Amino acid sequence: KTKNYERITGTNATQYELNAPLTLYFSLLDDYLKFSVSENIYLTHIDYTNASTPSDYGEYYRNYHKFSLYSDLSKPYDNFYHTLYLDLDFIVPSKESRHGYFADFIPLNTEEKSLTFNLAEFFYNDQGEKKVSHTLKQQYFFNDYGYKYGDLENNIKVFISKKISFSNMIFYSYEFSRFSKVQNSLNYDNDTYQANLTYTYEHSVSRAYVDRVYTNTNFMTISASTNFYRNYTFFASVDYDFKDKFFKKWKIGFKKKKKCWDMSIVYGQNITPQLTSSGNSSINKQGIYLMFNLYPIGSVDYQFVKENSLLSAN
């Protein structure tokens, strides 16, 4: 994989990545239980241009082992059909080396020693229609510097009818003994018209050990789209922030889609509140966004945006 980072100011970079897993699969207990072991090699090289950095390159190497024990079961009942997937992954890092400089916007595949449990189950009615889906994920980290338990992630989606569905996502933090994220969503889709109503609450904490910053996000998103004209999608959405009591984001636009490419034109506004020494302020970005996407190569976008800073006294 190759990524090219072109930035208006600061460092430009080109990143080359190689991710090579080799996996062996074994069947146990008459195929009711399965086991796999994989050897994973990750290599990346970064070249920097147009910036004064400590080094004009960065190289990172990581080797890790992955052991998986899993089962994929299904059973028919009188009025419904149930499938269940259980998975336990154990990741053990091995050799690692890094040389050069790594900018903060460059992503790296830095696996750490962990144990992950995954559950996925689906319920179908006697006509073969999916009615309920449920996923559960829990991670445990074998480290000496942070909290060992990752957030418990629970997702459930109920298909009320062929056109209407309701989903609930909950993340629970053991470290802070509270929900770190709760999201409820109501969806409507009849192939021609789509609508979505989503409420999100999120409690995030910066991972710095000194002067931790706690942030609460509390907003609702309303979106709608239509595929009334062939290959064209018209869409609109708006976000309302309950905490600060204002519409933080809105957009309208359309997308033209073909077999191997699509093009989007969006007009919208995004308001970001900020806290300064002289009072509360906000950054207001309003403009037109153009995007061209070519499958599977990637996308190019351009923004005609006007930015204003608004200040209000405390």
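Residues numbered from 1 in each chain as written. Predicted model: local features only at pLDDT ≥ 70, side-chain atom pairs only at ≥ 80, totals over all residues. Heavy atoms only, no water.

(A) Layout of the overall build of the protein. Along its length, the protein carries zero helices and 17 strands. If one aligns the C-alpha atoms of the protein with their principal axes, the spans along those axes are about 65 × 55 × 45 Å. Looking at the protein as a whole, 27% of its 314 residues are labelled buried. Total accessible area on the protein stands at roughly 20600 Å², and carbon and sulfur atoms take up 57% of it. Between the mean site of the 34 positive side-chain charges and the mean site of the 33 negative ones, the protein shows a separation of 6 Å. (Helix = DSSP H or I, 4+ residues; strand = E, 2+ residues; numbered from the N terminus. Buried < 20%, exposed > 50% of the residue type's maximum accessible area, 1.4 Å probe, protein only. Areas by Shrake-Rupley, 256 points an atom, 1.4 Å probe, with all protein chains shown as cover. Lys, Arg positive; Asp, Glu negative; His and termini not counted. Charge placed at Lys NZ, Arg CZ, Asp CG, Glu CD.)

(B) Geometry of the packing of aromatic side chains. As enumerated under the stated definition, the model contains 24 aromatic pairs in all. Ring centres 4.7 Å apart and planes at 15 degrees place the aromatic pair Tyr77 and Phe80 in the stacked group. Measuring from ring centre to ring centre gives 5.6 Å for Tyr172 and Phe179, while their planes differ by 75 degrees; the resulting arrangement is edge-to-face. Classification of Phe179 by relative accessible area gives partly exposed; the value is 44%. Counting every residue linked through ring pairs, the aromatic cluster contains Phe67, Phe90, Tyr140, Phe142, Tyr147, Tyr149, Tyr172, Tyr174 and Phe179. We note Arg98 situated over the ring of Phe102; from NZ or CZ to the ring centre the distance is 5.2 Å. Lying across the ring of Phe219, Lys248 places its NZ or CZ 5.0 Å from the centre. (Phe/Tyr/Trp six-rings, centres within 6.5 Å; stacked < 30°, edge-to-face > 60°. Lys NZ or Arg CZ within 6 Å of the ring centre and 35° of its normal.)

(C) Inspection of the side chain of Ser180 at higher detail. Tracing the backbone through its elements, the reader meets Ser180 in strand β10 (residues 178–189). On the basis of relative accessibility, which here comes to 9%, the residue Ser180 falls in the buried class. Apart from residues no more than four positions distant in its own chain, Ser180 is found in contact with Asp151, Phe171, Tyr172, Ser173, Tyr201, Glu202 and His203. (Contact = heavy atoms within 4.5 Å.)

(D) How the structure looks around the nonpolar core. Within the largest apolar cluster, nine residues are counted, these being Tyr5, Ala13, Tyr42, Ile46, Tyr48, Tyr60, Phe102, Ala103 and Ile106. Examining the composition of this core, we find that three residues originate from one element, strand β3 (residues 33–49), more than from any other. Those residues in contact with Tyr42 that lie beyond four places of it in its chain are Gln15, Glu17, Leu18, Asn19, Tyr60, Tyr61, Arg62, Pro107, Leu108 and Asn109. (Core = buried A, V, L, I, M, F, W, Y, C linked by side-chain atoms within 4.5 Å.)

(E) Here's a closer look at the pairing of β10. In this sheet, β10 lies alongside strand β9 (residues 164–173) in antiparallel orientation, the contact comprising 10 bridges. Bridging from a neighbouring strand, Met169 pairs with Gln183 of β10. Two successive antiparallel strands, β9 and β10, enclose a turn made up of four residues, where Ser177 displays a positive phi of approximately 55 degrees. Examined bridge by bridge, β10 and strand β11 (residues 193–205) share nine bridges and lie antiparallel to one another. Within β11, the residue paired with Asp189 across the bridge is Gln194. (Pairing = 2+ DSSP bridges.)

(F) Local environment of the environment of Phe235. With respect to the helices, strands and loops of the structure, Phe235 is situated in strand β13 (residues 232–241). For the pair Phe235 and Tyr193, spaced 42 residues apart in sequence, the C-alpha to C-alpha distance is 9.8 Å. With near-sequence residues (within four places) excluded, Phe235 lies in contact with Ala224, Ser225, Lys251, Ile252, Gly253, Phe254, Lys255 and Val266.

(G) Local environment of unusual backbone geometry. Look at Asp30: it is not a glycine, yet its phi comes out positive at around 60 degrees. In this structure, Asp30 sits in the loop between β2 (12–28) and β3. At Asn231, a position not held by glycine, the phi torsion is positive, near 70 degrees. Structurally, Asn231 is set in the loop between β12 (214–226) and β13.

(H) Broad picture of the environment of Leu136. Along the chain, Leu136 falls in strand β7 (residues 130–141). Take Leu136: its relative accessible area is 23%, and that puts it in the partly exposed class. Along the chain, Leu136 and Leu186 lie 50 residues apart, while their C-alpha atoms are 20 Å from each other. Filtering out sequence-adjacent residues up to four positions away, Leu136 remains in contact with Phe117, Asn118, Leu119, Leu152, Glu153 and Asn154.

(I) Quick peek at the pattern of salt bridges. Tallied over the full model, the rule gives three salt bridges. Here Lys3 ties to Glu17 by a salt bridge, and the two come within 3.4 Å at their closest N and O atoms. Taken together, the residues span a long stretch of sequence, with Lys3 in strand β1 (residues 2–5) and Glu17 in strand β2 at a distance of 14 residues. Residue class for Lys3 comes out partly exposed when judged on its relative accessible area of 25%. (Salt bridge = Lys/Arg side-chain N within 4 Å of Asp/Glu carboxyl O.)

(J) Just the pairing of strand β4 (residues 57–76), in detail. Note: β3 against β4, 14 bridges, orientation antiparallel. Residue pairing across strands places Asp47 opposite Tyr57, the latter belonging to β4.

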